[in-house]
Amino acid sequence: MNRVEAVDKVTGRAMYAYEQRADQAAAYAYPVQSATASGHVRTVNFAAAWHMPGMLAALSCTDPPELGSAEDPELALFTTREISYRGQLVAAVVADTLENARAAAAAVLVTIDRHQHDVRLRADHPGLYTPDQVNPGLPAATSYGDVAAGLAAAAARVDVTYTTPVQHNNPMEPHAALASWDAGGNLTVYDSTQGPSFDRDTIARVLGLPPGRVRVISPHVGGGFGSKGTTRPHAILAALAARAAGRPVKVALTRQQMFELTGYRTPTIQRVTLGADTSGRLTAVAHDVVEQTAIRTEFAEQTAACTRVMYASPAMRTTHRLARLNMPAPSWMRAPGETPGMYALESAMDELACAAGLDPVELRIRNEPVTEPDSGLPFSSRNLVACLREGARRFGWDGRDPCPGLRRDGRWLTGTGVAASTYPARRQPSRATALVLDGGFVVRIAAADVGTGARTALTQIAAETLGTSPDRVQVELGDSDLPRAWLAGGSMGTASWGSAVVKACEDLLKNEGALGSADTAEDVAADSSFARHAFGAQFAEVHVDTGTGEVRVPRLLGVFAAGRIIDATLARSQFIGGMTMGLGMALMEGTFVDEAQGGFVRKDLAQYHIATCADVQDVDAVWLEETDSHLNPMGSKGIGEIGITGTAAAIGNAVYHATGRRIRDLPITPAKLLA
Ligand code: MOS
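Attention here is on the structure that accompanies the text.

**Section: the overall build of the protein**
Scanning the protein from N- to C-terminus turns up 17 helices and 28 strands. In terms of overall size, the protein behaves like a compact globule, its C-alpha atoms giving a radius of gyration of 25 Å where 675 residues would be expected to give roughly 26 Å. In terms of principal-axis extent, the alpha carbons of the protein reach across some 75 × 70 × 50 Å. Considering the protein as a whole, with its 675 residues, one finds that 61% of them fall into the buried category. Counting contacts in the protein only where the partners sit at least 6 residues apart, residues at least 24 apart contribute 80% of the total. Here the protein has roughly 24,700 Å² of accessible surface; of this, 51% comes from carbon and sulfur atoms. Across the protein, the 62 positively charged side chains and the 72 negatively charged ones have centroids separated by 3 Å.

Right, here's the structure in full:
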């Protein structure tokens, strides 16, 4: 099915946050950021700014606004003079045009007493600590069996450390908001968000308003990859600035500002220790992670959680430790946890296959668990082995030469690699209504379509339930005044919203034409205990230029088992989109941290390289027919994030196969390969 909003998008009728209009002409706020990573703000001087044209209002940490909640320090704007990361908002100006606001912001003089900063993550950081839990509420450390004994008894062992850099989400649409207050003190925010209900709640909490006084509208969103999953400072800034200026205010972050104000993926240092017996069966697994968080905010990525799901082993340990650094808080980025974690685990499995003299597909099949290793729960469905076999068949894996660095074609070395993918398949409570209108049906739910095609998928789900054609169904979403819903996050959008939409449509059919409504809170609470995950297998072919160290990826194939696929076109797009992002992670993505200045370097798309058309050659995704009755009424698993998991490992493993060089520090750049 074509996207229902396709014509609106290609004709420019689809309105994104920054393009929205309020009743009155909007003014523009522009942030003033700290150029220091640690310190105390002594003065903020707006004298020169007030002489600039169009200046309307000023906000500053030297004149703190009254806020409701400071639970997220990055959202409690201008409430402290203490600087804990470079880029922290210390002030803002409001002016009649974006250009005037930007110029006035540049004229603001900030003096900061500078303190020593600490921005370098290292495995021996003296402040490393174990958090109470890691996202999303998982234990920070788990262990069963005797890892030391398992390693001692092993015939083949791997003990290696992988590092991954800071990565930035870089959605196509920069973060933006338009905020306006009415005479009664009600706030409307057009925000670029992955979840209007939660965004509304957070904005209300931060501003100290009842949720009923805030409305978030977000009909179209140009991607987020997690960076719009939770409220970001620009939305709060727009609201405060609109209050200060007494008129609607727009905030549009520049690409460079996004690097400091919209989150990023934590860098990781991951030690993976594996032991296997003579037949390749694991005797011990340990995955010990070091990652970072901010001085005043704890964000604990669940990097080793994937290891608890993957392979059978009589002994297993997973740990996470954090260092608090003078950096912005890390946040959600596509498959947080699974993405860096599966890079390390699946690279180490490849190293173990080499050490054990086994084919890496076969090694994984031999370690297929009967139940989820860490929890002992049965899987609702698990078809990893089928994905590996189907992928091997389609890719032409049989007969692969196990020895690395042997296949040369002129100046190019070639190699192939494999890795597994996984991502949880969960759902969360949502509400929806369905009604008959003008001879068709209208379905309402505060879902978000962040470019994934959620509106289209929900249209199909509703039409199927109602026994009608999709063109008679209109789905309204992207507005917090609609029935409360989960966000486009955790690959749970379609599962959560679809459950509510099916139920609301069934309710409508039962009531024969009145209003159908649904709340899935009780259904979700009653979900039986199964280990619910999607799985996949990824195969990569690489060519490595022996002269320049350049890596090309002529072929990338993903085979996924992700429950019932609602729409083939949308699903393929999600899978290959994730795989493409994984290719970027493997070969180019990474944000440098400048230790002297204490901040990010490379804050634009000219320097932070993401995979583009020329980098992506033959990338294909297919899926197995998978029936799983334990998930939700559609039988679907999430598909937005699994595609990025495992990809970087498959490419890294192929680079090793091509060159005999194991680069354990992402991204695999020409310089590292030539060294
Ligand atoms: Mo996604 S990182 O769960 O928004």
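Now that the structure has been shown, we can carry on.
**Things to note about the layout of surface pockets**
Here the second largest pocket is characterised by a volume of approximately 450 Å³. Contributing to the lining of the second largest pocket are 22 residues, with T164, P165, V166, T591 and F592 lying nearest its centre. Only β10 (156-164), β15 (268-276) and β26 (592-594) provide two or more residues apiece to the lining of the second largest pocket. Looking at side-chain class alone, the lining of the second largest pocket contains ten nonpolar, seven polar and five charged residues.

**Let's talk about empty space enclosed by the protein**
All chains considered together, the criterion is met by five cavities of 30 Å³ or more. In this model, the largest cavity occupies a volume close to 110 Å³. Every residue lining the largest cavity is counted, 14 residues in all, and those nearest its centre are P73, A76, L77, Q88 and L89. Looking at the lining of the largest cavity residue by residue, the class counts come to nine nonpolar, three polar and two charged. Taken as a whole, the second largest cavity holds about 60 Å³ of empty space. Taken together, Y162, Y343, S347, G652, N653, V655, Y656, R661, R662, I663 and I668 form the lining of the second largest cavity. Those elements giving two or more residues to the lining of the second largest cavity turn out to be α9 (338-356) and α16 (647-659). Counted by class, the lining of the second largest cavity contains six nonpolar, three polar and two charged residues.

**Let's talk about helix α11 (residues 384-395)**
A rise of 1.5 Å per residue sets the reference length of α11, with its twelve residues, at 16 Å; its end C-alpha atoms lie 16 Å apart and thus fit the reference within 8%. Among all positions in α11, only L384, V385, C387, L388, E390, G391, A392 and F395 are buried. Where α11 is buried, its residues touch α8 (307-310), α10 (360-366), β19 (412-424), β24 (533-545) and β25 (551-561). Phi turns positive, to about 80°, at G396, one or two residues after α11.

**Structural notes on the pairing of strand β17 (residues 316-325)**
If a strand is regular, its side chains alternate between the two faces of the sheet. The element β17 is largely enclosed, with a buried count of seven among its ten residues. Relative to β17, strand β9 (residues 142-144) runs antiparallel, the two sharing three bridges. Note on β17: the bridge partner recorded for T142 is T318. Two elements, strand β16 (residues 282-294) and β17, share ten bridges in a ladder whose sense is parallel. Along β17, the bridge assignment pairs V289 with H320.

**Looking at the sheet that holds β24**
Taken in spatial order, the five strands make up an open sheet running β18-β19-β24-β25-β28, and their pairing is mixed. Pairing within the sheet leaves two strands with one partner each, and these edge strands are β18 (408-409) and β28 (618-623). The sheet contact formed by β19 and β24 spans 13 bridges and is antiparallel. When the bridges of β24 are listed, T422 appears paired with F535. Contacts from helix α15 (residues 568-587) reach β24, β25 and β28, with the element oriented near 130° to β28.

**So, the pairing of strand β1 (residues 27-33)**
Judged by how many residues are buried, β1 sits mostly within the fold: six of seven residues are covered. In terms of strand pairing, β1 meets strand β5 (residues 89-95) through six bridges, oriented antiparallel. Across the sheet, the residue bridging to Y30 is V93, located in β5.

**A short note on the nonpolar core**
Counting residues in each nonpolar core, the largest one holds 89 residues, and the members touching the most others are L274, F539, V542, L583, L587 and I651. Tallying contributions element by element places α15 first for this core, with nine residues. In this structure V542 touches L413, T414, G415, V551, R552, V553, P554, I651, A654, V655 and A658, once residues within four positions along its chain are discounted. Within the second largest apolar cluster, 54 residues are counted, among which are A49, A95, I203 and A239.

Rules used throughout
Residues numbered from 1 in each chain as written. Predicted model: local features only at pLDDT ≥ 70, side-chain atom pairs only at ≥ 80, totals over all residues. Heavy atoms only, no water. Helix = DSSP H or I, 4+ residues; strand = E, 2+ residues; numbered from the N terminus. Rg over C-alpha atoms; globule rule 2.2 N^0.38 Å. Buried < 20%, exposed > 50% of the residue type's maximum accessible area, 1.4 Å probe, protein only. Contact = heavy atoms within 4.5 Å. Areas by Shrake-Rupley, 256 points an atom, 1.4 Å probe, with all protein chains shown as cover. Lys, Arg positive; Asp, Glu negative; His and termini not counted. Charge placed at Lys NZ, Arg CZ, Asp CG, Glu CD. 1 Å grid on protein atoms, 1.4 Å probe; cavity = no way out; pocket = protein on both sides within 12 Å on 5 of 7 lines; lining within 4 Å. Points joined across faces, edges and corners; volume = space filled by probe spheres on them. Nonpolar A, V, L, I, M, F, W, Y, C, P; charged D, E, K, R; others polar. Expected span 1.5 Å × (residues − 1). Pairing = 2+ DSSP bridges. Axes fitted to C-alpha atoms, helices over the stretch in contact; angles between N-to-C directions. Core = buried A, V, L, I, M, F, W, Y, C linked by side-chain atoms within 4.5 Å.

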